[in-house]
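The primary structure of each chain is shown beneath.
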Amino acid sequence: MLESRELTKSFGSVVAVDHVSLKLEAGHVYAMLGPNGSGKTTWMKMAAGLIKPTSGQILYEERPVGVESRRHIAYMSTEPYFYNWMTIRDVGRYYEDFFEDFSMERYKELIGRMELREDMKTRTLSSGMMAKLKIAVTLARDAKVYMLDEPFNGIDLLARDEIRTCILQFASEDKILLLSSHLVEEMEAVADRAIFIKQGHLEEIVDLETMRTEYGISMADRYRQIYGHEEVTSNV
Amino acid sequence: MQFDPMRPIWLQVMGEIETSIVTGVRAPGEKLPGGRDLAMLYGINPNTAARVYQELEKAGLCETRRGMGTFVTGDAQRITELRIELARQAVQEFMVKIDSLGVSKEEAVKMISEME
């Protein structure tokens, strides 16, 4: 279980994550939703142990995240993070050195399915290919928690289906998957729970099939209900 | 498969499998994909896929044999019942539509009988 308790992060006077308490349980795929700047990425970075909370706690299996938990938590950030002289093969080797749970075999399989080739240089990749590479390298780890920040960004419609299938292949009873995306519709069927974050606060966490049964609304409908007003005003 | 995101997804996948059983696309006694394969096939959450099989089993339309997987029922009687159930559902939807157009049941029946 990955749990945040009253987790807070401030950057100067800006409170990016504001007393967020939530529990993520194994066996579920979570969609983390909210407009830009609502605090999703900051929450994920704290869960990945990359930045320290200002206050509150983030626990993996009852212990504060840190060096130990990093071995079980695979995180894909939105920033590019490969040296541009690297080939796709080099990227795999680099990860293999870095993470004990990285499987070269699984990496090669994922690369093939995403129609990438090992001899391609990262600097020559289109943004869509780069996005696919980041996903492949993250899913090639045999982790317990996968956190993917904006996995569908910059990826064309057909490749999104392939990525969805890859993500589902690694979802299992003992794993937690957390996906953030602006492309809410892409995640309707993949996720079974949704976490709505609004201006650094946890707005709500819902079971999607229960919501459909009881209220007859989709995740996208709920998104519009929660953020509709905000979206309109921020566009002015 | 394109889902209606406002309706439970397990229900939609279940409906699709029921139709495939009635039309014979899936034969009686045929092995169905495993839970994970079903999830990947339809692009749905694995818990949703598991629910589909639970509900199909509850409805007597498939059976899970330990260590072997899930199979379409071999019970021909049950499949005949399902055909009637699905037809009733279709008629019900039709009636709602016809009613909303202000056409009476009698008029609708007449129209059906006149159809080629």
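Residues numbered from 1 in each chain as written. Chains lettered and ligands numbered in written order. Predicted model: local features only at pLDDT ≥ 70, side-chain atom pairs only at ≥ 80, totals over all residues.

**Considerations on the overall build of chain A**
So, step 1. Check the secondary structure of chain A and you find nine helices and 10 strands.
So, step 2. Taking 236 residues into account, the globule formula puts the C-alpha radius of gyration at 18 Å, and chain A, at 18 Å, falls close to it.
So, step 3. Seen through its principal axes, chain A has C-alpha atoms that stretch 45 × 40 × 35 Å.
So, step 4. When contacts within chain A are restricted to residue pairs at least 6 apart in sequence, those whose partners lie at least 24 apart make up 70%. (Helix = DSSP H or I, 4+ residues; strand = E, 2+ residues; numbered from the N terminus. Rg over C-alpha atoms; globule rule 2.2 N^0.38 Å. Contact = placed C-beta atoms within 7 Å.)

**Section: unusual backbone geometry**
Residue and element names in this part refer to chain A.
So, step 1. Look at His-19: it is not a glycine, yet its phi comes out positive at around 50°.
So, step 2. Of note, His-19 is situated in strand E2 (residues 14-24).
So, step 3. Overall, the presence of 15 C-beta atoms within 10 Å leaves His-19 in the partly exposed class. (Buried ≥ 20, exposed ≤ 12 C-beta atoms within 10 Å, placed from the backbone.)

**Description of the packing of helix H1 (residues 9-22) of chain B against helix H4 (residues 76-100) of chain B**
Residues and elements named next belong to chain B.
So, step 1. Their axes nearest at 10 Å, the elements H1 and H4 cross at an angle of 120°. By the angle class used here, H1 and H4 are oblique. When you trace H1 past H4, the crossing you get is left-handed. Residues Glu-18, Thr-19, Ile-21 and Val-22 of H1 lie in contact with H4, whose contacting residues are Ile-79, Leu-82, Arg-83 and Leu-86.
So, step 2. Broken down by class, the residue content of the contact of H1 with H4 amounts to five nonpolar, one polar and two charged. (Axes fitted to C-alpha atoms, helices over the stretch in contact; angles between N-to-C directions. Parallel < 35°, antiparallel > 145°, perpendicular 65-115°, else oblique. Left-handed = near helix turned anticlockwise from the far one by under 90°. Nonpolar A, V, L, I, M, F, W, Y, C, P; charged D, E, K, R; others polar.)

**Brief notes about the sheet that holds E2(A)**
All names here are of chain A.
So, step 1. In spatial order, the strands read E2-E1-E4-E5; together these four strands make up an open sheet with antiparallel pairing. Strand pairing shows two members of the sheet lacking a second neighbour, E2 and strand E5 (63-64), which therefore form its edges.
So, step 2. Judged from the seven bridges that link them, strand E1 (residues 2-11) and E2 form a sheet pairing that is antiparallel. Of the residues in E2, the one forming a bridge with Ser-10 is Val-15. (Pairing = 2+ DSSP bridges.)

**Some points on the interface of chain B and chain A**
So, step 1. Taken together, the contacts link 15 residues of chain B with 21 residues of chain A.
So, step 2. A per-element tally of the side of chain B that touches chain A places helix H3 (residues 46-58) of chain B first, with three residues.
So, step 3. Considering only residue class, the side of chain B that touches chain A consists of 10 nonpolar, four polar and one charged.

**Points about helix H3 (residues 88-98) of chain A**
Side chains that are three or four residues apart share a direction in an α-helix, a result of its 3.6 residues per turn.
Residues and elements named next belong to chain A.
So, step 1. When H3 is considered as a whole, its buried residues turn out to be Ile-88, Val-91 and Gly-92. Angular distribution of buried residues about the axis of H3 spans 100°; they occupy a single face of the element.
So, step 2. Taken together, the buried residues of H3 touch helix H4 (104-113) and helix H5 (127-139). (Arc of directions from axis to C-beta.)

**What about the nonpolar core?**
So, step 1. A:Ala47 and A:Met147 are the most contacted members of the largest nonpolar core, which totals 85 residues.
So, step 2. Setting aside chain neighbours within four positions, we find A:Met147 in contact with A:Met44, A:Ala47, A:Ala48, A:Ile73, A:Tyr75, A:Met76 and A:Leu178. (Core = buried A, V, L, I, M, F, W, Y, C linked by C-beta atoms within 7 Å.)

**Let's talk about the sheet that holds strand E3 (residues 28-33) of chain A**
All names here are of chain A.
So, step 1. Here we have six strands laid out as an open sheet, ordered E6-E7-E8-E3-E9-E10, and mixed in their pairing. Of all strands in the sheet, those with a lone pairing partner are strand E6 (73-76) and strand E10 (201-207), marking the two edges. Ignoring strand direction, the axes of neighbouring strands in this sheet form an average angle of 15°.
So, step 2. By the bridge criterion, six bridges tie strand E9 (residues 193-198) to E10 in an arrangement that is antiparallel. The residue of E10 that forms the bridge with Lys-198 is His-201.
So, step 3. Along the sheet face, helix H1 (residues 40-47) touches E3, E6, strand E7 (145-149), strand E8 (176-180) and E9 and points at about 150° away from the line of E7.

**Brief notes about H3(B)**
So, step 1. The end-to-end C-alpha distance of H3(B) is 18 Å, a good match for the 18 Å that 13 residues give at a rise of 1.5 Å each.
So, step 2. Along its buried surface, H3(B) packs onto helix H6 (157-170) and helix H8 (208-215) of chain A together with H1, helix H2 (35-42), strand E1 (62-65) and strand E2 (69-72) of chain B.
So, step 3. At the exit of H3(B) stands B:Gly60, carrying a positive phi of roughly 70°. (Expected span 1.5 Å × (residues − 1).)

**Side note on the pairing of E8(A)**
Residue and element names in this part refer to chain A.
So, step 1. The buried count for E8 comes to five of five residues, which makes it a mostly enclosed element.
So, step 2. Burial along E8 is two-sided: Ile-176, Leu-178 and Ser-180 facing one way and Leu-177 and Leu-179 facing the other are all buried.
So, step 3. Here E3 runs beside E8; their pairing, made up of five bridges, is parallel. Paired with His-28 across the bridge in E8 is Ile-176.
So, step 4. Note: E7 against E8, five bridges, orientation parallel. Bridge pairing links Asp-149 to Ser-180 in E8.
So, step 5. Following the backbone out of E7, through H6 and into the adjacent parallel E8, one traces a crossover that is right-handed. (Right-handed = clockwise from strand over helix to strand, strands pointing away.)

**A word on the pairing of E1(A)**
Residues and elements named next belong to chain A.
So, step 1. Two successive antiparallel strands, E1 and E2, enclose a turn made up of two residues, where Gly-12 displays a positive phi of approximately 65°.
So, step 2. Alignment of E1 against strand E4 (residues 55-60), held across five bridges, turns out to be antiparallel. Note on E4: the bridge partner recorded for Ser-4 is Ile-58.

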